[in-house]
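Below, each chain spelled out in residue letters.
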Amino acid sequence: MKANSLYILLIISLLSFKIVEGQELDKKKSVTQQAVLKQNTIKNKKIATKDTIKNDSILLKKSDTVKNDSIIKKKEAIEFPITHNAEDYTIQNAKNKTVTLYNKAQVIYGDIDLQAGKIILDYKNNTVYATGIKDSTGYVQRPVFKQGSQESEQDSILFNFKTEKALIYGIKTVQGEMITYGEKTKRVNDSTIYMKNLRFTTSQKKIPDYYIATNKAKLVPGKKIIVGGSNLVLADVPTPLYLPFAYFPLTQSRTSGFIIPSWGDNNQQGFFLQNGGYYFALNDYFDLEVTGDIYSNGSWAINTNSNYYVRYKFSGGLRFRFQNLTTSIKGFSDFSKASNYNITWTHRQDSKSSPNSNLTANVNISSSSQFFRQSLNEIDQTQVLNNSFNSSISYYKKFVGTPFNMNVTVTHNQNSNNETVNMTLPSLQVNMDRIFPFAGKGGVKKNPLQKVGLTYSMQGDYRIQTNEENFLSSKMFEGARSGVQHNLSSNTNIKAFKYFTLSPNLTYKDVWYFNSIKKRFDPSVQNTDNTLGAAVNDTISGFKRFNEYNFGVSLSTNIYGTFNFKKGRLKAIRHTIRPSISWSYRPNFAEQHNLTVRQSADINEPLLTYTPFEGGIYGIPGSGISNLLTFTLNNVLEGKVKPKDADSDEEDKKITILNNLNFNTSYNMAADSLRWSNVSFSAGTQLFKNKMAVNLSGSLDPYQVNQEGVRIDKFNASIFRLSQATLTANYSFSSSDLNKKKDEKSGNGAQNNPPDVFGSTINRTTNGFVNEPTDSNEPKEKTAKLYRANIPWNISFIYSAAYTNDGFRRAGIQTHTVGFSGSVELTPKWKVGYRSSYDIKNGAFSYTTLNFSRDLDSWRFNFNWVPFGPRTSYNFFIGVKSTMLSDLKWDKNQPPDRRLF
């Protein structure tokens, strides 16, 4: 019962006085009423006399001395319009000084709304009484009190608006997610309420799934509930779980509190407690969660997680994890210690805050690329399959009124296979949008000169390559490389011979380096063949640059061919061919920068030719003349199909038979041998009403290889050798596809797509899966059809095969796998998800996971299982959905064991 309920009762009292007074004016005045009128007449005369005297000049001076009277005028009791109604009748009893409203009685004052079957106001005793009424269906129209978003429901209420005390029977209140049922409630004042025989729950059912029962409690509205001995009751069955006292916060905002840990054991670290700690609700914009893990063998971990959000500006989260792991027992051969950390940060800027600039961040940094594989508290086991950590922080700025924009990026890549770390600190890019310097007035572009477009870009990088051992230390800056690259390009297009498009182009590149190399012969260096003397590199600091350019022209057109059919549903096939031929020329720019150095102790051995730009981040000047002819051929096949019903008014349906069939090769006229490049090809199509996508790509080599595996200037006997090919196919199918025709006939086009249970987001605090968003119109409870039940399901297949033939030793299929994933909704509340793949070449299953999920209305259940393999583990969770009682849970986490054999 809110403190503001006092207002509604005072209003009802004042309302009843007005009603009674209006009726008595229409009747003959009683003797008592006439005496009151006489007294009022005398008062009015005195007031009139006082007003006359007040105008006297002598008294005016005296009134100045009491101008600031300490007596404060009483505030008006009625501040808003009052409305009331009752469906059956309204009775005013002047003798007993009561007003009765019956059947759907309602009183509204400001944002306060009181509804009940019956409302009785007794202004003689200063009380108001609201109750429900009985009919053939039982006790109905229970009193409901609303103020703003707050609402309470009770069997009856008796309130004294003079002493501000109340007695409430059978109350039901909703405070956020918490629903409270009380047998008897006594209101002492607006901030203290005592309750008897209470039940607390978050279940919205009429008969709750569960509740916490207590004999007595103290309620501070909108703040907290303090209760005595409490017992958890499931399905009206008391459990052995008992607490001597309990505290429940009722604030609408977040509150700080403890996080209950989970427990378990494994064969390496022994018994453990995980994810226990404290949650800090710092303010409305960000929070902080600190949890820790402790193991009986001495291992421990600490985790911090903070989320921040400012509406219409930005949002994100920062997370830090540190683990001090001890394996086995000291003195054993497999005993080891390791300390790892992981930092993740995500940041997103709202586009409304600054339309012309944007800051985004996605950071994932670890001290070791093996962090997730070594972690003892990794719920999402799919993280183990990641071979690299990638990070990026990017700031974009658009300079309004100019064609320029800027992008500053910091990147990080950490590979778990070779334990290398590559960073860019930072990368600056300045781009100029395409401009037309020769366009006519108003931007008109008619002739080739007016169509000449110009683009410019500048990129500056500072790159670091190191290993995990030197990561985040001063040593990682050793060998850092930097540079700046300018690119300028221009092109136009000319219509030639009516059906062809001729496109000349010109590109220019200028590269700046701040370090270069100089080779020298060192006779003390020992080579692998035990000989002495070799060329070594010296790094020279200083500005050095090179430039290069190329120009060319391309000719392209479109060829259309249509094949019509008179029989069958297939009406026509259209074949689109897009051939193009291009020529490009680039001079030899390396010649002017090349240097020579002695490379061996043998003076007869030729000198080594090198360029000082070796190892530069943007490469070296192009060596040799490039005079290329490039041939490209793209194909698309489309069809037109008649409707199944020839008499229908439906239009012909367009279908795509072949999405693409592309070929590409080039011929270098300036090369002295191996002038033809490999012919690359790609093809793609979709089958079974776009349910299956098939893609094929590869490379054809026209040249032979010698006994050492080196290409020679001699064509293959069969013209081409398939050097590399990749075939991928994926197919998705679901129960909604089978029911599509039935839905169309019944006029219901909605598809029941079961959620991807396997891909649900995992919450580390609860060790469970975050609830998926639901439609606001969805019913609170799902009902299952016992017969002819509809069981939604979906399944996806992924097929991949890779073939390699180097023409020397290795030839055949290198990888051959088929993967599958999906989910089955056994009932509206039971879901099963699965994912796995099978290596056809090696004859074994790869990483496999199963997930079982059960919607228990106010509870949820999840079981995630890796049944076999080196990462065998499981995670069990059952708990209350509501965040208010998120600690009411049981979870069991069995991490992967380190095997001795």
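Residues take numbers from 1 onward in each chain, read along the sequence in its written order. At least 70 in pLDDT is required for a residue's local features to be given in this predicted model, at least 80 for side-chain atom pairs to be given and counted, and no such filter applies to totals for whole chains, interfaces and linings, which use all residues. Excluded from the side-chain calculation are hydrogens and water; included are all heavy atoms of the structure.

(A) Spotlight on the overall build of the protein. On a plain count of helices and strands, the protein comes out with 6 helices and 55 strands. Note on classification: 1.4 Å probe, protein chains only; a residue is buried when its accessible area is under 20% of the maximum for its type, exposed when over 50%, partly exposed between these limits. By residue count, 34% of the 901 residues in the protein fall in the buried class. The contacts in the protein between residues at least 6 apart in sequence include a share of 51% that link residues at least 24 apart. Each accessible area value is a Shrake-Rupley result obtained with a 1.4 Å probe; residue values ignore everything except the protein chains displayed when judging cover. For the protein, the exposed area adds up to about 54,000 Å²; of that, 56% sits on carbon and sulfur atoms. Put simply, DSSP H or I for four residues or longer makes a helix, DSSP E for two residues or longer makes a strand, and each gets a number counted from the N terminus. It only takes one pair of heavy atoms within 4.5 Å for two residues to be counted as in contact.

(B) Summary view of the side chain of Thr-326. With respect to the helices and strands, the residue Thr-326 is situated in strand S24 (residues 314–327). In contact with Thr-326, not counting residues within four places along its chain, are Gln-269, Asn-297, Gly-298, Ser-299, Phe-335, Ser-336 and Lys-337.

(C) A positive patch on the surface, seen in detail. Exposure above 30% relative accessible area and no salt bridge define the residues that can form patches, which grow by joining like charges within 9 Å and nonpolar side chains of Val, Leu, Ile, Met, Phe, Trp and Tyr within 5 Å. When a carboxyl oxygen of Asp or Glu lies within 4 Å of a side-chain nitrogen of Lys or Arg, that pair is called a salt bridge. The positive count covers Lys and Arg only, the negative count covers Asp and Glu only, and His and the chain ends enter neither. To locate a charge, take atom NZ for lysine, CZ for arginine, CG for aspartate or CD for glutamate. Taken together, the side chains of Lys-165, Lys-184, Lys-186 and Lys-196 present a region of like positive charge at the surface. Inspection of the secondary structure assignment puts Lys-186 in strand S12 (residues 178–189). Accessibility expressed as a relative area gives 48% for Lys-186, which makes it partly exposed.

(D) The environment of Thr-291, seen in detail. Here Thr-291 lies in strand S22 (residues 288–295). Residue class for Thr-291 comes out buried when judged on its relative accessible area of 8%. Separated by 13 residues in the primary sequence, Thr-291 and Tyr-278 place their C-alpha atoms 6.4 Å from one another. Not counting the four nearest positions on each side in its chain, Thr-291 is found in contact with Ile-259, Asn-275, Gly-276, Gly-277, Ala-301, Ile-302 and Asn-303.

(E) Broad picture of the pairing of strand S4 (residues 112–122). Within S4, 8 of the 11 residues are buried, which leaves the element mostly enclosed by the surrounding structure. Two strands form a pair only when DSSP identifies at least two bridges running between them. Count of turn residues in the S4/strand S5 (residues 127–131) antiparallel hairpin: 4 residues, of which Asn-126 carries a positive phi of about 60°.

(F) Structural view of the nonpolar core. To define a nonpolar core, start from buried Ala, Val, Leu, Ile, Met, Phe, Trp, Tyr and Cys residues and group those joined through side-chain atoms within 4.5 Å. Ranked by internal contacts, the top residues of the largest apolar core, which has 33 residues, are Ile-119, Phe-200, Ile-225, Val-227 and Phe-248. Here the element with the most residues in this core is S4; it accounts for 5 residues. With near-sequence residues (within four places) excluded, Ile-119 lies in contact with Val-99, Thr-100, Leu-101, Ala-105, Val-107, Leu-114, Val-128, Tyr-129 and Ala-130. Residues Val-363, Met-423, Met-476 and Ala-480 belong to the second largest nonpolar core, which totals 8 residues.

(G) Highlighting the confidence of the model for the protein. When pLDDT is averaged along the protein, the result is 79, and 82% of the positions lie at 70 or above. Each residue carries a pLDDT score, the predictor's confidence in it, ranging from 0 to 100. Looking across the protein, the model is least confident in helix H1 (residues 5–25), with a mean pLDDT of 39, and most confident in strand S31 (residues 481–491), with 94. Considering only residues more than four positions removed or in separate chains, one finds that residues 1–68, a stretch of pLDDT under 50, has 68 contacts. Below a pLDDT of 50 lies the segment residues 745–780, which in the model reaches 68 contacts outside its immediate sequence neighbourhood of four places, other chains included.

(H) Structural context of a nonpolar patch on the surface. Taken together, the side chains of Trp-263, Leu-273, Ile-294, Trp-300, Ile-302 and Trp-890 make up a nonpolar region of the molecular surface, amounting to roughly 610 Å² of accessible area. On the secondary structure map, Trp-300 appears in strand S23 (residues 300–310).

(I) Structural context of the environment of Ile-108. Positionally, Ile-108 belongs in strand S3 (residues 98–109). For the pair formed by Ile-108 and Pro-81, sequence separation is 27 residues and the distance between their alpha carbons is 8.4 Å.

(J) Region of the structure containing the packing of aromatic side chains. What counts as a ring pair is set by centres within 6.5 Å for rings of Phe, Tyr and Trp (its six-membered ring), and what kind of pair is set by the plane angle: stacked under 30 degrees, edge-to-face over 60, tilted for all other angles. Counting across every chain of the model gives 31 aromatic pairs. Taking 5.4 Å as the distance between ring centres and 85° as the angle between the ring planes, the aromatic pair formed by Tyr-210 and Trp-859 counts as edge-to-face. Residue Tyr-210 is found in strand S14 (residues 210–220), and its partner Trp-859 is found in strand S53 (residues 859–866); the two are separated by 649 residues along the sequence. Take Trp-859: its relative accessible area is 13%, and that puts it in the buried class. With a centroid separation of 5.6 Å and 40° between ring planes, the pair formed by Trp-300 and Phe-322 is classed as tilted. Remark: Phe-322 occurs in strand S24 and Trp-300 occurs in strand S23; sequence separation between them is 22 residues. Each member of the aromatic cluster is reached from another via a ring pair, and the members are Tyr-513, Phe-546, Phe-613 and Tyr-618. When the ring centre of Tyr-610 is taken as reference, the NZ or CZ atom of Lys-519 above it lies at 5.8 Å. Looking at Arg-598, its charged tip hangs above the ring of Phe-521, at a distance of 4.6 Å from the centre. Cation placement over rings: the criterion is NZ of Lys or CZ of Arg within 6 Å of the ring centroid and within 35° of the ring normal.

(K) The pattern of salt bridges, seen in detail. Under the definition given, this model contains 18 salt bridges. Close ionic contact of Asp-350 with Lys-352 constitutes a salt bridge, the shortest N to O distance being 3.9 Å. Judged by relative accessible area, which is 61%, Lys-352 ranks as exposed. With a closest N to O distance of 2.9 Å, Asp-701 and Arg-721 form a salt bridge. Here Asp-701 is found in strand S42 (residues 692–701), whereas its partner Arg-721 is found in strand S45 (residues 721–734), with 20 residues between them in sequence. Judged by its relative accessible area of 4%, Asp-701 falls in the buried class.

(L) Layout of the pairing of S42. Bridging between strand S41 (residues 679–687) and S42 involves 9 bridges; their strand directions are antiparallel. The partner of Val-679 across the bridge, within S42, is Leu-700. The antiparallel hairpin formed by S41 and S42 contains 4 residues in its connecting segment, where Phe-688 sits at a positive phi of about 55°.

(M) Representation of a negative patch on the surface. A surface patch of like charges, here negative, comprises Asp-645, Asp-647, Asp-649 and Glu-650. With respect to the element layout, Asp-647 can be found in the loop between strand S39 (626–641) and strand S40 (653–668).

(N) Looking closely at unusual backbone geometry. Of note, the amide linkage connecting Leu-425 to Pro-426 takes the cis form, showing an omega dihedral of -10°. Phi is positive for Ala-235, close to 55°, though the residue is something other than glycine. You can see Ala-235 is positioned in the loop between strand S16 (230–234) and strand S17 (237–243). Of note, the phi angle at Tyr-312 is positive, near 65°, even though the residue is not glycine. Along the chain, Tyr-312 falls in the loop between S23 and S24.

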